[in-house]
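Report on the structure
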Amino acid sequence: DTPFAGQVIVTGAARGIGRAIAELYAERGHQVLSVDLNLPPTLKGQRRLKADISTAAGRNRIVRAAHELGQVTVLVNNAAYQNAHGSVLNVSERGWARTLNVNLTAPLLLTRALVPLMPHGSAVVNVASVQGLLAEQNNAAYNASKGGLVNLTRAMALDLAPHGLRVNAVAPGAISTEAVLEAIASSENPDQTRQDYEDLHALRRLGTPREVAQTVYFLGSAEASFLTGTIIPVDGGMTASFMMAGRPV
Ligand code: NAD
């Protein structure tokens, strides 16, 4: 009862949204290759691979593992570096370069390395962010990387359509991942911080990793057969409003 067979590759699958994506595919009977800098958890129907998507050596290991398993039906570019905080005036060159490498250049290079293994009808799903659609203060590198990934998604959709591939992206709002929950917990006033995060969304709550995974799954499946080059916000209505956090949406 699966809409497609074959091999699903999820990058950044050790935790957070990537882990939820890998879990959903495994649950629904797909073969999953979970890739991360850290070894992802063991799941039924899942193979794990430690690899850095930002290095040629790491990407070669992923391609070799994919070859062993045959075709790749869905590639989910989810891994990201989110720690180079800083404004346009003070973001470090090193943090900028790492953010762009992991979040933008690696998805380009990994995708084109895997295209020869992807049969007609296969799909690429990029995990962008609401911060690829709108900017956040003091987060210049991340904003730029996700904005780049949004338009790279459209470029991929156009350039890979002749190969029979569809390419789409999700743009999550604030999601209750380990990273976000840790940021809330370590803030000065965790209750207030959580409320502030929740109030960014019309639905007045954080999204769950599972809710992002469900949209990724849809985009990768035959149910989305006429979708390519689209960016779907999975953001509880955050980008439906021009009002700022804490004000009525
Ligand atoms: P996370 O930081 O918790 O997990 C990312 C995973 O990617 C980690 O396990 C990390 O080890 C892995 N990774 C990082 N660099 C890598 C590399 N070079 N090679 C291989 N693996 C690497 O992230 P998350 O919060 O689950 O976010 C997942 C995706 O969703 C990211 O693309 C992020 O930008 C996006 N996103 C997250 C949120 C959120 O609220 N958490 C919101 C919008 C978008």
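Below, the structure is looked at part by part. Quick caveat, the model's predicted, so the values are computed rather than measured.

**Some thoughts on the overall build of the protein chain**
Within the protein chain one finds seven helices and seven strands. From first element to last, N terminus to C terminus, the protein chain shows the α and β order β-α-β-β-α-β-α-β-α-β-α-α-α-β. Taken over C-alpha atoms, the radius of gyration comes to 17 Å for the protein chain, in line with the 18 Å a tight globule of 249 residues would show. Principal-axis analysis of the C-alpha atoms places the extent of the protein chain at approximately 50 × 40 × 35 Å. Sorting the 249 residues of the protein chain into buried and exposed places 49% on the buried side. With the model as given, the accessible surface of the protein chain reaches about 12,100 Å², and the carbon-plus-sulfur share is 53%. Taking the average place of the 21 positive charges on the side chains of the protein chain and the average place of its 19 negative ones, the gap between the two points comes to 7 Å.

**Remarks on the packing of helix H5 (residues 178-185) against helix H6 (residues 190-199)**
In contact at an axis separation of 8 Å, H5 and H6 are set at 135° when each is read in the N-to-C sense. As summarised for this structure, H5 and H6 are arranged oblique, according to the angle between their axes. In this structure, H5 contributes Leu-181, Ala-183, Ile-184 and Ala-185 to the contact, and H6 contributes Pro-190, Thr-193, Arg-194 and Tyr-197. Residues of the contact of H5 with H6, tallied by class, amount to six nonpolar, one polar and one charged.

**So, the site of the ligand**
Of all residues adjacent to the ligand, which total 27 residues, the nearest are Arg-15, Asp-36, Asp-52, Asn-78 and Tyr-142. In the model, an oxygen atom of the ligand is placed 2.8 Å from a nitrogen or oxygen of the Ile-17 main chain. Separating a nitrogen atom of the ligand from a side-chain N or O atom of Thr-177 is a distance of 3.1 Å. About the coverage of the ligand: the protein hides 93% of its 830 Å² of free accessible area. Mapped onto the shell around the ligand, the elements with two or more residues apiece are helix H1 (16-27) and helix H4 (140-160). Residues that form the shell around the ligand fall into these classes: 15 nonpolar, eight polar and four charged.

**Examining helix H3 (residues 93-114)**
The end-to-end C-alpha distance of H3, which contains 22 residues, comes to 30 Å, matching closely the 32 Å that a straight helix rising 1.5 Å per residue would cover. By the largest-angle criterion, Thr-105 marks the main kink of H3, which is about 40°, and a proline, Pro-107, follows within four residues. Of all the residues in H3, the buried ones are Gly-95, Thr-99, Leu-100, Val-102, Asn-103, Leu-104, Ala-106, Pro-107, Leu-110, Thr-111 and Leu-114. As for H3, its buried residues are in contact with strand E1 (7-11), helix H2 (56-69), strand E4 (72-77), strand E5 (123-127) and H4.

**Looking at the pairing of E1**
When you tally the buried positions in E1, you get five out of five residues, the bulk of the element. Judged by which residues are buried, E1 turns out to be covered on both faces: Gln-7, Ile-9 and Thr-11 on one side and Val-8 and Val-10 on the other are all buried. With five bridges connecting them, E1 and strand E2 (residues 31-36) associate as parallel partners. Counted as the bridge partner of Val-8 is Val-32 from E2. In this fold, the crossover linking E1 to E2 by way of H1 has right-handed handedness. Bridge analysis of E1 against E4 gives four bridges, and the strand direction is parallel. Bridge pairing in E4 links Val-8 to Val-74.

**Here we look at the pattern of salt bridges**
Taken as a whole and judged by the stated rule, the model has six salt bridges. Residues Glu-68 and Arg-47 are paired through a salt bridge, measuring 3.4 Å at the closest nitrogen-oxygen approach. Taken together, the residues Glu-68 in helix H2 and Arg-47 in strand E3 (residues 46-50) connect sequence positions 21 residues apart. A relative accessible area of 58% places Glu-68 in the exposed class. With a relative accessible area of 36%, Arg-47 lands in the partly exposed category.

About the cut-offs
Residues numbered from 1 in each chain as written. Predicted model: local features only at pLDDT ≥ 70, side-chain atom pairs only at ≥ 80, totals over all residues. Heavy atoms only, no water. Helix = DSSP H or I, 4+ residues; strand = E, 2+ residues; numbered from the N terminus. Rg over C-alpha atoms; globule rule 2.2 N^0.38 Å. Buried < 20%, exposed > 50% of the residue type's maximum accessible area, 1.4 Å probe, protein only. Areas by Shrake-Rupley, 256 points an atom, 1.4 Å probe, with all protein chains shown as cover. Lys, Arg positive; Asp, Glu negative; His and termini not counted. Charge placed at Lys NZ, Arg CZ, Asp CG, Glu CD. Axes fitted to C-alpha atoms, helices over the stretch in contact; angles between N-to-C directions. Parallel < 35°, antiparallel > 145°, perpendicular 65-115°, else oblique. Contact = heavy atoms within 4.5 Å. Nonpolar A, V, L, I, M, F, W, Y, C, P; charged D, E, K, R; others polar. Near = heavy atom within 4 Å. Polar contact = N/O pair within 3.5 Å; in protein donor to acceptor, adjacent residues only side chain to side chain. Expected span 1.5 Å × (residues − 1). Bend = angle between axes of the 7 residues up to and from the residue. Pairing = 2+ DSSP bridges. Right-handed = clockwise from strand over helix to strand, strands pointing away. Salt bridge = Lys/Arg side-chain N within 4 Å of Asp/Glu carboxyl O.

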